[in-house]
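# Structural overview
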Amino acid sequence: MTKKKKILWGSAGAVVVSVLAALLLGGGSEEEATTPTFTIAEGPLTIGITSSGSIQSKDKVTLKSELEGNNTVIWVVEEGVNVKEGDLLLEFDSAALVDKRNEQEITVATTEGNLIISEEKLEVTKGDCDANLLEREVDLTLAKMALEKYEKGDYPQTEREYDSDIAIADEEMKRAAEKLEWSQRLAKEGFLTRTELQADELALRQKEIKLEMAKTKMNVLTNYTVIQQRATHESAVRKATRALARTKFQNKSIIRQVETEIVQRTRERDRATNRLAELNFQISKSKIFAPTNGVILYASTVQIARRRFWMRPLAVGETAVQRQELIYIPLDTGMIVELMVPEASLNKLETDMPANVKVDAFPDKVFHGKLTKIGILPDGQSASLNPDLKMYKCELECDFSGVVIRPGMSCDIELVKHAYDNVLYCPMQCVTRIDGVPCVYVQEGKEWKPRPVETGLDNNRMIHIVKGVKKGDVVMMAPPVKESKEAEKKPAAERKSPMGKKNGGPHKDRPPKGNGKKGPQEH
């Protein structure tokens, strides 16, 4: 039997003996016979923290579900089986995923066809745009050539022709005038008839009219025709220039629309392709294979062993969500002990403090270890079950040599703060505080009198008494609560007894109702 058990059994035995002695001894009053007592004991006392825990692998490979949503298990390897790397461990139902993949393959083919059509449409559109642009460029070139042709060809040529016509008409008019002059001289001499003279006069008049017509044509050419033709050709050039610019913008807009369509089709194709790849990945993850050699351990088994009773065991027909832990494969790197410590006991913990571990599977052996990790934050799952109870997860290393330890085994842990060989101690409930001073009620004859004591540490059951009592003193296990100072100032006749009565009979008086203030009993 371990030292801890000896102390516990000794303390419990002393309490039982004290209570039985108080009950069986005659001659005392009824109140003395029912008052539980404890005899101050002297002996070994261990100050520490006791808790239950479970044994886990120090390092393990965790296999999780990588499938989206809830998925049904259709096959799983038996727990505790030794597997080799590459062995099939678990398989999910992937029929729905296969159907989705088949539909997605059709979608991928459709989006690829739409993309090819859009790319070919872009080439056709570019050809049409180039043809339209070339046509507009030709129109502009022709308009410029027509303007240049008129300014440098047609107009100068017409102007020269009109100048020639004016010059010829002027020369002919001069000749006709000279001929008429000679004809007039001859007519005076009687060599020409009047008819011939009139014919020469008519010829001169015709030449003058012809000259005037030639000048008029020149005037129309320089003042009207040239301006009209130049404006017409320049307008044609401006129209062709604007048509060319408009065609360029239209080409850019049309090409941009088709390119945007191509980008959209490309994204649709990529999205469909990525979704197909994701479905293929999901289907590939519907089967979980062993990444290393080892023993199979269900994650649900470990979590249930940690008092997470809401977990459902892993089995065929059960469902698993994405990222849910399914299987553990412990590695040969040692074992650790996990335990939960309440918040009130954290001040007693320190790293590397010794610990005694007793495994339920080996009740006759005590293993020794040390605390290696103290939780920084409360355990969230424990808080969700009981928000008023904050538990901190701790870990300790322990030497389990000589036995076969499996992950998930339950054990009892004792973290040793101090181990005294021979000290005085009593149950914690024997100590009460009077005016801030720890005291115990010691039996002196037939009376119980409070006695100040100096206390040390406790182990949540027994407390170390440094001084103030001696071995064999009988102390009350349920000391009375000291009355408040206001109650002490009241007359003895007005104070109630522990049974709710005054020191002379039933309480009948009531507080006065004068000013509405509460009396002392009502506070």
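Conventions and cut-offs
- Residues numbered from 1 in each chain as written.
- Predicted model: local features only at pLDDT ≥ 70, side-chain atom pairs only at ≥ 80, totals over all residues.
- Heavy atoms only, no water.
- Core = buried A, V, L, I, M, F, W, Y, C linked by side-chain atoms within 4.5 Å.
- Buried < 20%, exposed > 50% of the residue type's maximum accessible area, 1.4 Å probe, protein only.
- Helix = DSSP H or I, 4+ residues; strand = E, 2+ residues; numbered from the N terminus.
- Contact = heavy atoms within 4.5 Å.
- pLDDT = per-residue confidence, 0-100.
- Salt bridge = Lys/Arg side-chain N within 4 Å of Asp/Glu carboxyl O.
- Pairing = 2+ DSSP bridges.

Formed by 22 residues in total, the largest nonpolar core has its most connected members in Val-337, Val-357, Leu-396, Phe-400, Ile-413 and Leu-415. Only strand S2 (41–57), strand S12 (335–342), strand S13 (354–359), strand S14 (367–374), strand S15 (391–398) and strand S16 (410–427) provide two or more residues apiece to this core. Leaving out residues up to four positions away in the same chain, Val-337 has contacts with Ser-54, Ile-55, Val-357, Cys-394, Glu-395, Leu-396, Cys-398, Phe-400, Cys-411 and Ile-413. Residues Val-76, Val-77, Leu-90 and Ile-288 belong to the second largest nonpolar core, which totals 21 residues.

Looking at the chain as a whole, the pLDDT averages 82, with 84% of positions reaching at least 70. Highest mean pLDDT in the chain belongs to strand S6 (residues 88–92) (94); lowest belongs to helix H7 (residues 485–489) (45). Every residue in residues 14–32 is under pLDDT 50, and counting partners more than four places away or in other chains gives 17 contacts. Segment residues 483–523 is flagged for pLDDT under 50; beyond a separation of four residues in sequence, or across chains, it makes 25 contacts in the model.

This brings us to the pattern of salt bridges. Side chains carrying opposite charge are able to pair once their charged atoms draw close together. Per the stated rule, a full pass over the model turns up 26 salt bridges. Salt-bridge contacts for Lys-58 lead to Glu-397; the nearest nitrogen and oxygen are separated by 3.5 Å. Remark: Glu-397 occurs in strand S15 and Lys-58 occurs in the loop between S2 and strand S3 (60–64); sequence separation between them is 339 residues. A relative accessible area of 42% places Lys-58 in the partly exposed class. On the basis of relative accessible area, Glu-397 is assigned to the partly exposed category, the value being 32%. Of the charged contacts, one joins Lys-174 and Asp-170 as a salt bridge, the two residues approaching to 3.4 Å between their closest N and O atoms. Taken as a pair, Lys-174 and Asp-170 lie in helix H3 (residues 95–189) at a separation of four residues, close to a single helical turn.

What follows covers the sheet that holds S3. Within the open sheet, the three strands sit side by side as S3-S11-S9. Their pairing is antiparallel. Both edges of this open sheet fall to S3 and strand S9 (297–298), since each of them pairs with a single strand only. As judged from the five bridges shared by S3 and strand S11 (residues 325–330), these two strands associate in the antiparallel manner. Within the sheet, the bridge partner assigned to Val-61 lies in S11 and is Ile-329.

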